[in-house]
Amino acid sequence: MAIGGNGFSEQGLRRLREVLAGHVDSGKIPGLVALVSRGGQTHVETLGTMRQDGGAPMRRDTIFRMASTSKPVSIAAAMVLLDECRLRLDDVVDPWLPELSGRQVLKSIDAELDAIVPARRPITVRDVLTSTFGLGMDMTALGTPILNAIFERGLTPNLPTEVPEQDEWMRRLGELPLMHQPGEQWQYQISSDLVGVLVSRVTGQSFEDFLRERIFEPLGMKDTGFHVPADQIDRLPTLYAPDPVTGEFLAWDEPEGGRWSKPPAFQGGGGGLVSTADDYHAYFRTLLNGGVHEGRRILSRRAVELMTTNRLTPEQNAARTALARDAVHISFGQGQQGGWGLGMAVRTYRGDYAPIGQFGWDGGSGTSAYADPANQLTGILLCQLGYSVPNPAHLMSDFWTTVYQALDN
């Protein structure tokens with residue numbers, strides 16, 4: 001690649017490789033793929049192997065479980081429907097999601113499930129897209145009756161009950177009261193999965209079919225979907241969740257016969273996608289380009305602006321702000337961008353090397369993808385190591401630090 005101009009410095013890219021290689025050489029990261037692009041320049045590093053104990057080397061076309069880094073991509077399906085006026089932000093969701101009509105709300109977050117009051121108003125499309133519809137993963141509420149019920153019903157991926165197909169998932173979701181009044185507070189995860197059900201019911205297609213037709217195929221994202229075909233399974237690394245005490249590498253998901261080796265019952269927009277660095281690069285570059293890919297408009301510029309700017313009031317964001325500030329010892333510093341758009345974080349203050357306006361998200365399987373309009377920069381870092389230990393978070397932090405120090409202006 002060419003060096004200089006409006007891209008990266010040669011010295012900075014050498015440091016980037018040295019820092020990433022140090023993580024792999026330490027034995028704490030089996031392997032990784034990193035991609036950075038700016039001003040028409042793209043730089044890729046592939047380091048390490050597909051398994052902790054060796055085996056095939058990481059390659060540029062290695063397929064990764066994207067975990068929560070699925071969220072910024074899956075939200076695009078809903079934005080297509082907004083652009084086409086098949087959805088409106090302030091539509092009540094009851095016609096498509098009747099299971100969520102007539103909601104009841106817990107009197108307090110730790111209340112028993114029958115200690116409820118009526119919802120002040122129905123749930124809207126805006127509530128779902130902004131992750132404020134009233135239910136979600138509140139890691140400060142572990143052990144409460146409502147969180148226990150969410151886990152027991154299989155409403156979150158692989159914890160501990162298998163997630164059912166979408167109509168049964170909706171039936172189980174509809175059995176529960178909301179944790180907060182609609183529109184009151186940002187909450188994680190369940191809204192992103194609910195977006196997929198909403199898209200499927202509005203379009204009459206499976207969520208994956210609509211994503212493939214309107215996002216993946218137009219962008220050339222040929223390796224993105226909700227499972228890896230059998231003839232490509234050798235491109236999927238083992239996913240590890242190391243023992244948090246000993247650091248021993250424990251295989252959480254193997255390629256052959258694993259969770260992503262066959263189509264899932266539930267196509268989860270919150271964390272179900274598999275993809276590659278180049279596929280994600282095509283998507284984030286499209287967002288940086290105002291919704292256009294190689295001359296073809298995929299999303300309107302206004303839809304992209306809605307996705308990639310903060311949508312939350314300070315009151316809606318208060319719990320997320322407190323979690324980022326008070327639980328850094330658990331989050332290892334991730335999730336502190338400040339704001340939230342649609343399906344992704346948006347930086348609203350300068351807390352590290354990244355500027356205000358950077359947007360994207362991380363995944364608990366060791367994935368990270370962000371774009372930065374101010375510097376016309378895209379960065380994607382992919383490994384397959386769960387957050388049971390701080391190592392993937394440290395890798396991500398060092399990746400972004402070295403990406404920004406590598407800018408030549």
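Details of the structure are given in the entry above.
The structure presented is a predicted model; accordingly, all values stated were derived computationally and were not measured. (Residues numbered from 1 in each chain as written. Predicted model: local features only at pLDDT ≥ 70, side-chain atom pairs only at ≥ 80, totals over all residues. Heavy atoms only, no water.)

A. Broad picture of the nonpolar core. In this structure, Trp169, Ile215 and Tyr283 are the most contacted members of the largest nonpolar core, which totals 80 residues. The biggest single contributor to this core is helix α2 (residues 71-83), with nine residues. Discounting chain neighbours no more than four positions away, the residues touching Trp169 are Gly154, Leu155, Val163, Pro164, Ile190, Asp193, Leu194, Val197 and Phe266. (Core = buried A, V, L, I, M, F, W, Y, C linked by side-chain atoms within 4.5 Å. Buried < 20%, exposed > 50% of the residue type's maximum accessible area, 1.4 Å probe, protein only. Helix = DSSP H or I, 4+ residues; strand = E, 2+ residues; numbered from the N terminus. Contact = heavy atoms within 4.5 Å.)

B. Layout of the packing of aromatic side chains. Taken as a whole and assessed by the stated rule, the structure comprises 13 aromatic pairs. Between the aromatic rings of Tyr370 and Trp400, the centroid separation amounts to 5.5 Å while the plane-to-plane angle is 90°, which identifies the pairing as edge-to-face. Pair noted here: Tyr370 is in strand β15 (residues 367-372) and Trp400 is in helix α12 (residues 391-405), with a separation of 30 residues, a long-range link. Among the residues examined, Tyr370 registers a relative accessible area of 3% and is labelled buried. Looking at Trp400, the relative accessible area reads 13%, which means it is buried. (Phe/Tyr/Trp six-rings, centres within 6.5 Å; stacked < 30°, edge-to-face > 60°.)

C. How the structure looks around empty space enclosed by the protein. In total, this model carries two cavities of 30 Å³ or more according to the counting rule given. Quantified by volume, the largest cavity comes out at close to 70 Å³. If you go around the largest cavity, the residues you meet are Lys71, Ser74, Ile75, Val128, Leu129, Ser131, Ser191, Ser192, Val195, Trp340 and Gly343. Empty space within the second largest cavity amounts to approximately 30 Å³. Lining the second largest cavity we find Pro30, Gly31, Thr49, Met50, Met58, Pro237, Thr238, Tyr240 and Gln384. Looking at the lining of the second largest cavity residue by residue, the class counts come to five nonpolar, four polar and no charged. (1 Å grid on protein atoms, 1.4 Å probe; cavity = no way out; pocket = protein on both sides within 12 Å on 5 of 7 lines; lining within 4 Å. Points joined across faces, edges and corners; volume = space filled by probe spheres on them. Nonpolar A, V, L, I, M, F, W, Y, C, P; charged D, E, K, R; others polar.)

D. Here's a closer look at helix α5 (residues 166-174). Taken residue by residue, α5 has Trp169, Met170, Arg172 and Leu173 as its buried positions. Buried residues of α5, viewed axially, fall in a sector of 165°; they line one side. Residues of α5 that are buried in the fold lie against α6 (190-203). Two to three positions downstream of the cap, the backbone nitrogen of Asp167 sits 2.9 Å from a side-chain oxygen, assigning the N-cap of α5 to Glu165. (Arc of directions from axis to C-beta. Polar contact = N/O pair within 3.5 Å; in protein donor to acceptor, adjacent residues only side chain to side chain.)

E. Structural context of the pairing of strand β1 (residues 31-38). Burial runs high along β1: eight of the eight residues are buried. Of the two faces of β1, both are covered, the one formed by Gly31, Val33, Leu35 and Ser37 as well as the one formed by Leu32, Ala34, Val36 and Arg38. Judged from the eight bridges that link them, β1 and strand β2 (residues 41-51) form a sheet pairing that is antiparallel. Along β2, the bridge assignment pairs Ala34 with Glu45. Between the antiparallel neighbours β1 and β2 lie two residues, among them Gly39 with a positive phi of about 55°. (Pairing = 2+ DSSP bridges.)

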